[in-house]
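Given next are the chains, with one letter for each unit.
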Amino acid sequence: MTDSAAVVKIENAIAPKEDVQADITDEGEALELHKKTFADFGVSASICQALAEEGITHPFPIQALTLPVALKGNDIIGQAKTGTGKTLGFGIPALEQIVGPQEDGYEKLLNAGCPQALIILPTRELAKQVARDLKVAAKNRSVRITQIYGGVAFEPQLKALEKGTDLVVGTPGRLIDLLKHGKLKLSGVKVVVLDEADEMLDLGFLPDVETLLSRTPAGRHTMLFSATMPGEVIALARRYMSHPTHIRAQDPADQNATVNSVKQVVYRCHAMNKLEVVSRILQAKGRGLSIIFTRTKRTAARLADDLSDRGFAAAALHGDLGQGAREQAMRAFRKGKVDVLVATDVAARGIDVDDVTHVINYQCPEDEKIYLHRIGRTGRAGASGTAITFVDWDDVPRWKLISKALNLGVDTPLETYHTSPHLYTDLDIDPEVTGRLPRSQRTRAGLDAEEVEDLGETGQRSGGRGRRRSRRSSGSRRRSTGRSKNQKRSEKSTGEKPKRARRRRNRSRSRRSED
């Protein structure tokens, strides 16, 4: 978000009606707030020093507006999209209310060792990202921060809770599991943060969130952040918050700003030709890190495999991967060992990488909200980006609704194949490229260069490359039913061959299960 583009809205949210008119401050006032340092807002010296060591001294607009209200302990509804820096907007006030084990007053706490702050997020990736940012801000404090999310073993999280923790960052599912088993005690929580509340609504987590809120003290400090404010989120805020202040930081005509900052190309592309087209796009001049979005987990896994076979450093990110594999893919992508990430919408929530140059919608998004979320992964931090969308013949009516909602003016996408001349001119692709990356350009280390952490994962399912390896391994098992090395040596010494075992025929007519 550029400073000059910031428009700020602050309103009191205690009125029973939803159509309260907001008081809009002018741009000059927003700029004055942004010029202040964290210290000017009364942030403690230990946190200011930790942030300064990371080169962070001036708050973003959402932070500058949130801090004066939140540091006083007032409830807040913050409306801002992902990537605006709201983590420190709620993270600093939360840290300021926590007393660490080595700080004055810790012994006087009624629930010493139990969480004093609870931050709830919809996805594992977001939880890890927020916890990482808060650890940076709290590195000069003795505050203990624990991550709680599913897909990994319970034991390390249980040990962290038993040892004692001060701030818990987690996802609703695993938090509920630990709460039901009596391992997570919320009676000492002083501050609760709900981040990406609209995403939690979309994923069906709001009932779990209400359960967690009901177990915290009534006098807690509550902060809720959401990009949009659907009715269910507003109802949640009214039920569990006390006289909240509504703070909104956004760009003017926010969705148009996202659309205008990204070059968009839309093609009507045949499903059988998409791989060939993608292989050419990935060889466009100036292409850097790229994200390809798919609707299904199976498509993501298969496409990542196919691109890897063609020489591209690609990795899949989807729900059938274990947490270790998901983190491996994200680390490899951030470090540049992999420059093509093939992801489903749900798995991609929480991806925060600034230098993504290209986004490819391999399958048409469901609606304009998902479309904006996808293309918003590029063109970040003032950089330019390119978004390419493939529309199948059956998806043309859906695309027309997206185009109309966003005023794109592309109701009928141009029919495109890998042989179409406009593909190369639109995206600055050398017409001589083929569907395979030349060996001389295969300079990325690849996914295998990034180690997989043993996280003691639970319920892990195969996905991505594992699908291809499982076929090879099953073939190896079939071959291993023949003679062993010891048998061969015995045959050589005796000159006799054992009778071949009669082959048993599998008469099952069931079809091989799909991935």
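Predicted model, so just to flag it, every value in this text is computed and none were measured.

(A) Main features of the sheet that holds strand β11 (residues 289–294). On the basis of which strands lie adjacent, the open sheet formed by seven strands has the order β12-β13-β11-β14-β15-β10-β16 and parallel pairing. Among the strands making up the open sheet, the edge pair consists of β12 (314–317) and β16 (414–416). Here the strands of the sheet are splayed against their neighbours by 25 degrees on average, with no regard to which way each runs. Across four bridges, the pairing between strand β14 (residues 356–361) and strand β15 (residues 385–391) is parallel. Bridge pairing links I360 to I388 in β15.

(B) The side chain of E450, seen in detail. Position of E450 relative to the elements: it lies in the loop between α18 (421–426) and α19 (465–479). The buried category is assigned to E450, whose relative accessible area is 6%. Within the local environment of E450, its side chain forms a polar contact with the side chain of K335, the two groups lying 3.2 Å apart. The contacts of E450, once residues within four sequence positions are left out, are Q328, R331, A332, K335 and K337.

(C) View of the environment of R374. Along the chain, the position of R374 falls in helix α16 (residues 368–375). The sequence separation of R374 and D345 amounts to 29 residues, and the corresponding C-alpha distance is 7.8 Å. Those residues within four positions of R374 in sequence are excluded, and the remaining contacts are F293, T294, R295, D345, V359, N361, Q363, C364 and P365. Here D345 takes part through its side chain, which lies 2.8 Å from a polar atom of the side chain of R374.

(D) View of the UniProt feature "domain: DEAD-box RNA helicase Q" (unreviewed entry) in the protein chain. Summarizing the sequence annotation, UniProt attributes the feature "domain: DEAD-box RNA helicase Q" (unreviewed entry) to residues 36–64 in the numbering used throughout. The span residues 36–64 is 45% helix and 0% strand, and its two end C-alpha atoms sit 8 Å from each other.

(E) Geometry of helix α2 (residues 45–53). Within α2 the residues assigned to the buried category are S46, I47, C48, A50 and L51. The elements touched by buried residues of α2 are α4 (86–96) and α5 (124–137). Count one or two residues on from α2 and you reach G55, which has phi positive near 80 degrees.

(F) Just the pattern of salt bridges, in detail. Inspection of the entire model under this criterion finds 25 salt bridges. Of the charged contacts, one joins D345 and R374 as a salt bridge, the two residues approaching to 2.8 Å between their closest N and O atoms. Residue D345 is found in helix α15 (residues 345–348), and its partner R374 is found in helix α16; the two are separated by 29 residues along the sequence. Of the two residues examined, D345 and R374, each falls in the buried class. Each of R295, E366, D395 and R398 takes part in salt bridges that share partners, so that together they form one network.

(G) The arrangement of unusual backbone geometry in detail. One non-glycine residue with positive phi stands out, namely E196, at about 55 degrees. The backbone of D428 sits at a positive phi, close to 55 degrees, despite the residue not being glycine. Its location among the elements puts D428 in the loop between α18 and α19.

(H) Local environment of the side chain of T299. Checked against the element boundaries, T299 lands in helix α13 (residues 297–309). Judged by relative accessible area, T299 falls into the buried class, the value being 8%. Apart from the residues lying within four places of it in its own chain, the contact partners of T299 are T294, Y362 and Q363.

(I) Summary view of the packing of helix α9 (residues 206–214) against helix α10 (residues 231–240). Running from N to C, α9 and α10 point in directions that differ by 5 degrees, and their axes come no closer than 12 Å. One element, α9, and the other, α10, form an angle in the roughly parallel class. For the pair formed by α9 and α10, the contact residues are L206, V209, E210, L213 and S214 on the first element and E232, L236, R239 and Y240 on the second.

(J) Structural context of the confidence of the model for the protein chain. The predicted model of the protein chain averages 81 in pLDDT, with 76% of residues at 70 or higher. Contacts of residues 1–29 to residues separated by more than four positions or lying in other chains number 57 contacts, the stretch itself having pLDDT below 50. Counting interchain partners and residues more than four positions distant, the pLDDT-below-50 stretch residues 506–515 has five contacts.

(K) Structural detail: the nonpolar core. By size, the foremost hydrophobic cluster in this structure holds 39 residues, and its most contacted members are I119, L167 and V169. Among the elements of the structure, α2, α3 (61–70), α4, β4 (117–120), α5, β6 (167–170), β7 (191–194) and β8 (221–226) are those that each provide at least two residues to this core. Those residues in contact with I119 that sit more than four places away from it in its chain are F90, V130, L134, L167, V168, V169, G170 and V193. Core analysis: the second largest hydrophobic core is formed by 29 residues, V265, L303, L307 and V342 among them.

(L) Focus on the packing of aromatic side chains. Counted according to the given criterion, the structure contains three aromatic pairs. Their ring planes at 55 degrees and their centres at 5.4 Å tell us that F90 and F225 sit as a pair that is tilted. Placement of F90 in helix α4 and of F225 in strand β8 is noted, with a sequence separation of 135 residues between them. Just above the ring of F41 sits the side chain of K36; from NZ or CZ to the centre is 5.6 Å. Across from the ring centre of Y362, 5.1 Å away, lies the NZ or CZ of K274, which sits over that ring.

(M) Quick peek at the environment of V69. Inspection of the secondary structure puts V69 in helix α3. V69 gets classed as buried once you look at its relative accessible area, which sits at 19%. Sequence spacing of V69 and P244 is 175 residues, and the spatial spacing of their C-alpha atoms is 9.9 Å. In contact with V69, not counting residues within four places along its chain, are N74, I76, T245 and I247.

(N) Layout of the pairing of β4. Residues A117 and I119 point to one face of β4 and L118 and I120 to the other, with burial holding for every one of them. Of the pairings in the sheet, the one linking β4 to β6 comprises four bridges and is parallel in character. Residue pairing for β6: I119 is matched across the bridge by V169.

The rules behind these values
- Each chain has its residues counted from 1, following the order in which its sequence is written.
- The predicted origin of the model limits local features to residues at a pLDDT of at least 70 and limits the giving and counting of side-chain atom pairs to 80 or more, whereas totals for whole chains, interfaces and linings rest on all residues.
- Hydrogen atoms and water are omitted, and side-chain values are computed over all heavy atoms in the structure.
- Strands were regarded as paired on the criterion that DSSP finds at least two bridges between them.
- In this text, helices come from DSSP runs of H or I with a minimum length of four residues, and strands from runs of E with a minimum of two, each type numbered from the N-terminal end.
- Orientation is described by axes fitted as lines to C-alpha atoms, over the contacting stretch for helices, and by angles from 0 to 180 degrees between their N-to-C directions.
- With a 1.4 Å probe rolled over the protein chains alone, any residue whose accessible area is under 20% of its type maximum counts as buried; one over 50% counts as exposed, and the rest are partly exposed.
- Pairs of N or O atoms are called polar contacts if they sit within 3.5 Å, as long as, within protein, a hydrogen donor faces a hydrogen acceptor (for residues adjacent in sequence, only side-chain-to-side-chain pairs).
- Residue contacts follow a heavy-atom distance rule, with two residues in contact if any of their heavy atoms lie within 4.5 Å.
- UniProt positions are given in the numbering used here, feature names are shortened, and annotations may be inferred rather than shown by experiment.
- In what follows, salt bridge is the name for a side-chain nitrogen of Lys or Arg lying within 4 Å of a carboxyl oxygen of Asp or Glu.
- Oblique is the label for any angle not covered by the other classes, which are roughly parallel (under 35 degrees), roughly antiparallel (over 145) and roughly perpendicular (65 to 115).
- What pLDDT reports is the predictor's confidence in each residue, on a scale of 0 through 100.
- As used in this record, nonpolar core signifies buried Ala, Val, Leu, Ile, Met, Phe, Trp, Tyr and Cys residues forming a set joined through side-chain atoms within 4.5 Å.
- Any two rings among Phe, Tyr and Trp, with Trp reduced to its six-membered ring, count as a pair given centres within 6.5 Å; such a pair is stacked if its planes are under 30 degrees apart, edge-to-face if over 60, and tilted if neither.
- Here, a charge over a ring is recorded when the distance from Lys NZ or Arg CZ to the ring centre is within 6 Å and its angle to the ring normal is within 35 degrees.

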